[in-house]
Amino acid sequence: MAELMKLEDWLPEVKPALKSKKEELHFMGYESVKESEIWKCIVSRAKKQKDEEWRIHQVVNTIMTLSTNDFMNWLTIQAVTDDSWYSFDDFEQN
C-alpha cells in the first residue's frame, strides 16, 4: 500500500516533477518561473480540496496536469493580493 503523507511533506520526493513542469513553462516562454512558485501554486490549490493525506502519485499528477493558464492565473492573483505589490519602499526617486 502506498504511503500517505501531508502534501507539504512530499516536496523532497517530487522535485523532479517540479523541475519538469518548470522546464515546460520555460519552453512555453515563461522563463522567470521558479520551482518554488509552482510548489506554492500546487499547495494553494490543494487547500481547496478535502484531501488531507496524499499519495505520491496524486502529488505528481497534480503537478504534471497543472496547466500554464491555471498557473498564470494563480500567479496574477498572487501579485494582486500580495500586500506589498503597491509598496513604494523599493522605488528610487530621482
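Cut-offs applied
- Residues numbered from 1 in each chain as written.
- Predicted model: local features only at pLDDT ≥ 70, side-chain atom pairs only at ≥ 80, totals over all residues.
- Heavy atoms only, no water.
- Salt bridge = Lys/Arg side-chain N within 4 Å of Asp/Glu carboxyl O.
- Helix = DSSP H or I, 4+ residues; strand = E, 2+ residues; numbered from the N terminus.
- Buried < 20%, exposed > 50% of the residue type's maximum accessible area, 1.4 Å probe, protein only.
- Expected span 1.5 Å × (residues − 1).
- Arc of directions from axis to C-beta.
- Contact = heavy atoms within 4.5 Å.
- Core = buried A, V, L, I, M, F, W, Y, C linked by side-chain atoms within 4.5 Å.

A. Representation of the pattern of salt bridges. In total, this model carries 3 salt bridges according to the counting rule given. Between K22 and E35 there is a salt bridge; the shortest N-O distance is 3.6 Å. Linking K22 in helix α1 (residues 15–27) with E35 in helix α2 (residues 35–46), this pair joins segments that are 13 residues apart in sequence.

B. Highlighting the environment of L66. With respect to the element layout, L66 can be found in the loop between α3 (56–64) and α4 (68–81). A relative accessible area of 5% means that L66 is categorised as buried. On a C-alpha basis, the gap between L66 and I38 in space is 8.9 Å, while along the polypeptide they are 28 residues apart.

C. Representation of α4 in the model. In this model, α4 (14 residues) spans 20 Å end to end at C-alpha, consistent with the 20 Å of a helix rising 1.5 Å per residue. T68, F71 and W74 are the residues of α4 that are buried. In a view along the axis of α4, the buried residues occupy a sector of 130°, so they form one face of it. Within α4, the exposed residues directed more than 90 degrees away from the buried face are N69, I77, V80 and T81. Buried residues along α4 sit against α1 and α2.

D. Structural detail: the nonpolar core. Counting residues in hydrophobic clusters, the biggest one holds 20 residues, and the most contacted among them are L7, V14, I38, W39, V59, I63 and F71. Broken down by secondary-structure element, the contributors of at least two residues to this core are α1, α2, α3 and α4. No other element matches α2, which puts 6 residues into this core. Leave out the neighbours within four places in its chain, and V14 touches W39, I56, V59, V60 and I63.

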